[in-house]
Every structure is written in C-alpha cells, then in structure tokens.
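# Analysis of the macromolecular model
As a plain string of letters, each chain reads:
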Amino acid sequence: MQSSSKLVTSVIVTALVVSLVWYAALPMLVPSKTAQEAPVTTPEQSRVIKIGGTLPLSGQFSPVAGTFNRLYDAWATQINERGGLYVSEYGKRLPVKVIVYDDQSDATTATRLYEKLISEDKVDVLIGPYSSTLTVPLVAVATRNSIPLIATSAGAPPIFNQGSDWVFVGIDLITNWPKTYFDMVKAKGQAKTIGFVATDEPFGQGVLAGGKTFAPQAGLTITSENIVPVGTKDFTAAIIKLKEANPDIVFVAALAPDAATFVKQAKEQGLKPREFHVPQLVKGFIESVGVDSANYITGEWYWTDDVLYGGVWGKEMFMQAMAKAGITNVDYPWAAVHYYGLEIIGAAIERVGTLDKAQLKDGLKNLSIPTISGEVHFKSFGNFKGVGTLVPFPVQMQNGKVVVVWPSETKKGDYAYPSP
Amino acid sequence: MTLAPLLELLIFGILLGGIYGLSAIGLSLIFGIARVLNLAHGAFAVFAAAVSFVVIQATGLNLLFVAMLVVPLFFVAGYVYETLLIHRMLSFNRERRIEALILGTLGFALVTESIVSIIIPRNFGVNYQFLPISFGEITVSTLRLLLLAVVAITTVILHFIVYKTWYGKALRATIDDAETAQLMGINFDRITSITFGLGTALSALGGILLLLVFNISPNMGFPITLKVLAIIILGGLGSILGSLAASIALGISETFAGFFLDTAWSNSISLVVLLVVVLIKSEGLLRR
C-alpha cells in the first residue's frame, strides 16, 4: 500500500516536472503562430515621424488660422496613404504624425506647449504657430533644445535677427511683404500720398518698416504715421490725424483683428481715403467690417489656385488636402503658408535622409525646396538666418469677392483705384 | 492746425464718454448703496454683448430689439448674483468681508470671461452702415450720435426712477444713511438686490452698445471695470449726473491724450485720472 502510494506520488511529481519543462521549452522548440506573424521589432524600426506645433484653435487669431489642424491631419493622412516619408537612414518610408495643441492665440501658452512638445511628446521637428508675435519667443526654445523649428505665418525681423541656426521659414521677411503692392501702385501711377497706422507688435512694425521703404520708391509721400498699441479699442485720435493729413492711401499695418476695428471706426467716422490697404485681407477681417465696407480694400495673399507651381507633392495634393479639411483658400488664405511648413519639413527629411535634428538643421541651410508658391531657399545675411524667399501678391475685394490684381501673369481682375 | 480737428476731438470725446456712462452709472449706484466694489461689473457688460451677438448671429434680429430682450435678463441676473453671492459675503465679519468680496467678484469675473471665450473664441462686433454727418469741415459719426441719444434717454428714465419713485427715494435714503433708512422701514436687502439688478442691467446695455463701435474681446471686462471705477471716483459715488459728467470728461481726456500724446496714453489716462483724484480729493470731485 505504502509502495503504491509512493508510486502514485512519483508519477504525479514526474508528470508535473515534465509538464513544466515542456511548457518552458516549447517556445524555443516550436515557434508559435503569433511569433511567426509578428517579427521581432526594435523601437527604431517602428519609428513614427513626429511633427509638433500649436495653432490658435481659440482666441483672437482663430478666425484666421483656427482650422489648420484639419489641414495638417489631411496632409498626414495623404502622406501615410503613400506609405509615409522615405528616410534613407531607416531604408524605408516612415509614417508621419502631427501633434497640434491650442495656443489660445497667446504667446505664453504657445511657449509652454512647445516645451511640452519637445520634452513630453518627443517630437522630431517643430512647425511654427500663427503670427510673429507667438513665434518670437519660440526661437530661444528651439535653440536651447537643439530642434529645428519651421516657422509658418511669421516673418518679423525679431525672429530671424536672433541669429539662430535652428529656425527656418518659407516666406520672406515681412519687411518685404508690401513690395509687390507698391510695385502695383507705382505701375498705376495715380496715388501720390500715403498715411500709415501700425500696431506696436512684430507684424505691424515689420510691415510698416517695409512700407516706409517701398512707398517712396513708388513715388508716394508719407503724410502721416501712427503707432498704436496692439488691441486698441478706440482709434479716434489716429483717425482724426489721418483726416487732417488726408492721404490718398491709408495703409493699416496690423493683424486682422486690429485692422478690422480700425477700418470699422474709420468708415463710421468719415475717413475717406482713395484706398484702404490691409495686409491681412482674410475672412475674419471681412466678417468683422462687413462685406460692403470691405469692398475695394486691397491686401495681399500668398497663393491662389491660379499659380502654376506644383510644390513638393503637386498642387492637386494641396487642393485635395484643403478640400478634405473643409477649408477654402478664400476663407483661409494663410493655409498655404502653413502648408509651406509641411512641404519644407517633408522635403528636408526625405532629402537629408535622417531624423537626426542637427543633420536636418545643417541640411536645411543648403536646400532649395519647390513649394506650391515657388522655389524656397533660406537666406542668411548679417545677424539674420533662416529667412525664406516667398512674397505675397496683391488682391482686392471687388463686388464681394477677393480678386488677384497683380502681377499681370496671375491677376484675375484689374486693380481699381481710386475705390469707387 | 485748423479748428476742425479740435472740435471733432471734443465731439468724439463726448460721444465716447457717453458710451462709458451707462456702465459707470450702474457701478456708481451699486457702490453707493452696498459699498461693494463689484469687480465683475465689466464682465457683465462683455457677457451681455456676447449673448446679444450670439442671438443676432442666430436669428438676424435687430440689435435694438435684442437689447430689449437681453437687458431685462441681466436685471434678473444681477438680482440673483447679489442674492446668492454678494449678500452672503456681506454677512461676513469686516475682515473676511473685504477679502471675500474682492476674491468672489474677481473669481466671478474670470469665470464669466472664460464662458465668453468658450462661446465666442475671438473678437466680435456687429456692423450697421450709417453714413457720417458733415457740418462744414467737421464730420461726426451718426452711429455714435444715436448711441449718445440712447444714453441720454436712459439717463432721463433713470433720473425719473431715482427721483420720482418710491424705490428711488428708498435708494437715495439708503445711500445717504443706511441705518436710519432701515429704522424707517426700508428693506435694505431688497433695495440692495434691486440696485444690483439695475446696475447690472445698465452695464449690460453699455456692453451691447459697445458692440456697435468696438470689436469686443472676451477679456475686455476687467479694463472696463477699471475705467468705470475711475469715472465713479471722479464723479462721486451714487451720483447719476456726476457719473455721466465724469464719463464725458474721461472720454474727452482719452481722445485728446491719444491725439496730442500717443494712442497708448488714451488707454491709460483713466488710471492716471484715478490716481490723481484719489490723491487730491478721495471722496470724488463731483460728490453731491
């Protein structure tokens, strides 16, 4: 009896040991189906290209750029449907992911979120926010963290005269923004005097500086110059000064919200120049002043579907991305400028062939990239570094529609001066 | 320089002051009766403007009609605000009361501002095309003249309420001497609540009128509060005509400072006025 129970015990123990050994050795002896289907991966091989940035999804700039997150998403989907961006360092295409946070149109919030994108989200490259005001403090953030920042709607000198090697933009300095407008005014040859109103922030001051350079070259005499604080609610004093100076053109060097307040009050108070010019003739501005009041005001745009450039992936791809995002160029003409940022990032990664931040930065300095508005390369002069080459062209609101009026090869209507 | 721009500055200053006037009278009445510095006063103006803007966008109704709907709503809001929040804080002991009122009204203002930011996350305004009127070389905004007319009519109605009704007598008695007024049978709590309602409704009307001439930003409430605070200090607490006169004086100061100094000065002139008056005559220049 005792020996039989010993036998039973021995059999059970042996069975257990054999079972344990069997199950322990099984994965080594016979590859499992799961293991066959999922090859062993390393973090590098499952790499995703992370692009990070902020947009004004709320706040004062949201009517101008608050929908561009949808454009970024549409672009990422298009690129991923193609298999991603080819990175020679990895020998294959890698998918892209764009991380966007809401900066609430606020520089402090934007700066905090870019720090988060770098430290927590570990993005490979930064795409800039809307406006120079929000971009200026990010130069130090990108430089300190040694990460490329591809700016978008931001061309103010204080961004690029910091001499950072890490910041690039597709557009030219905003001091060159009004050049084509004054070329048109000069060609027309009728206006003789101009008065400026400019806000005391980087965009307004940059455009004002450009205006003061190019206006005399177009044969205009500057009769009034008014600097006002950004966010000014009552422009009465500046308007009365302009009435006194009585210039042919009133040039409002300000972002859309301030420009809208000024024009609304100028019309209400009887300021009647032969033309109002606002650099940002965008949906938010037109809605604020009313379509009738906006009629015959001139401005600038960077892109229309009349331009002939194909860009990095073709003009059609941009137009499809816009359609997928539910954005029209008429409503959001700055979308193209943000798309340049995606083109520059995509082209740089594919041509330099790496996600190494320092190598990307060095590669960008020497690249020439075909965007949907023409070839871009990055200029360096004096303390300035990373400045792009794209300039906008003049448009005018005519009978409720924004029409390209210059240059002759692109224009869809004639420049109406003086305003009817 | 010709005389025309100076006259235009003067006229536009008066018109600008008139726009500030309604909010200032509202805060003056509230401060006069309850001695409460309601830091949410400007926030109510912006909130009323936002509500009106949303209604106009949704329905296409005329601003004047919308104002007739929204202003009574804000009377109720002010009444409830006093009953539920301010009244409770007024019952605290003196030390806690001041802290609670500052933090409570400021907190309420910030919450209101956040709500407006969520509802309309941008600057907003409405457009009505009125051609300006010219008198020789002087051109004046028809829109601002109409607004001044609204302010004048409202002030006359308010003057009638304060000097010709039982509520007005009770209000004035309470402002003069709250304890004696209570001994005479005036219900202090009820008068205070009604005055908060009235003051808030006036602030709301002021905010709605601002929609016509400014593009309003959601965070504009606190600057409005600071401006009307300067006005009521200048005009004397609880004085309707004093507040209106001080509003116009401030409007003129702002336009002249903007013209002769810099537009930046027109934004801060109210604070300079506030400081000077407090230093020279702390009870206000025009106190009854």
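For clarity, every value in this text was computed on a predicted model and none was experimentally measured.

Cut-offs used in this document
Residues numbered from 1 in each chain as written. Chains lettered and ligands numbered in written order. Predicted model: local features only at pLDDT ≥ 70, side-chain atom pairs only at ≥ 80, totals over all residues. Heavy atoms only, no water. Contact = heavy atoms within 4.5 Å. Buried area = accessible area lost by both parts, 1.4 Å probe. Salt bridge = Lys/Arg side-chain N within 4 Å of Asp/Glu carboxyl O. Axes fitted to C-alpha atoms, helices over the stretch in contact; angles between N-to-C directions. Helix = DSSP H or I, 4+ residues; strand = E, 2+ residues; numbered from the N terminus. Parallel < 35°, antiparallel > 145°, perpendicular 65-115°, else oblique. Left-handed = near helix turned anticlockwise from the far one by under 90°. Pairing = 2+ DSSP bridges. Core = buried A, V, L, I, M, F, W, Y, C linked by side-chain atoms within 4.5 Å. Buried < 20%, exposed > 50% of the residue type's maximum accessible area, 1.4 Å probe, protein only.

### Some thoughts on the interface of chain B and chain A
Opposite the 34 residues of chain B that make contact, chain A presents 31 residues. Of the roughly 2,600 Å² buried between chain B and chain A, counting both surfaces, carbon and sulfur atoms make up 51%. Of all residues in chain B, the largest losses of buried area upon contact with chain A belong to B:Asn127, B:Asn215 and B:Thr263, amounting jointly to 22% of the total for that side. Our count for the chain B to chain A interface comes out at three salt bridges. One salt bridge connects B:Arg144 with A:Asp234, and the closest N-O pair in it is separated by 3.3 Å.

### Description of the packing of helix α11 (residues 236-245) of chain A against helix α1 (residues 3-34) of chain B
To characterise two packed helices, one gives the angle between the axes of the helices and the distance between these axes. Following both chains from N to C, one finds α11(A) and α1(B) inclined at 160°, their axes separated by 10 Å at the closest point. One finds that α11(A) runs roughly antiparallel with respect to α1(B). Crossing angle aside, the handedness with which α11(A) passes α1(B) is right-handed. Each of A:Thr236, A:Ile240, A:Lys243 and A:Glu244 in α11(A) lies in contact with α1(B), whose residues at this interface are B:Pro5, B:Glu8, B:Leu9 and B:Phe12.

### A look at the pairing of strand β18 (residues 401-404) of chain A
Residues and elements named next belong to chain A. Bridge analysis of strand β17 (residues 393-398) against β18 gives four bridges, and the strand direction is antiparallel. Residue pairing for β18: Gln396 is matched across the bridge by Val403. In this antiparallel pair of consecutive strands, β17 and β18, the connection spans two residues, and Asn399 shows a positive phi of 50°.

### Notes on the nonpolar core
Residues and elements named next belong to chain A. Within the largest apolar cluster, 137 residues are counted, with the highest numbers of intra-cluster contacts made by Trp75, Phe182, Phe262 and Phe285. Top element by residues in this core is helix α16 (residues 335-352). It accounts for eleven residues. Setting aside chain neighbours within four positions, we find Phe285 in contact with Ala256, Ala259, Ala260, Val263, Val278, Gln280, Ala294 and Ile297.

### Concerning the pattern of salt bridges
All names here are of chain A. The full count for this structure, using the stated rule, is 16 salt bridges over all chains. A salt bridge links Arg274 to Asp248, with the nearest nitrogen and oxygen atoms 2.8 Å apart. Here the residue Arg274 occupies a position in the loop between α12 (256-268) and β11 (275-277), and Asp248 occupies one in the loop between α11 and β10 (249-253), the gap between them amounting to 26 residues. With a relative accessible area of 9%, Asp248 lands in the buried category. Among the charged side chains, a network of salt bridges with common partners joins Asp165, Lys361, Asp362, Lys365 and Lys385.

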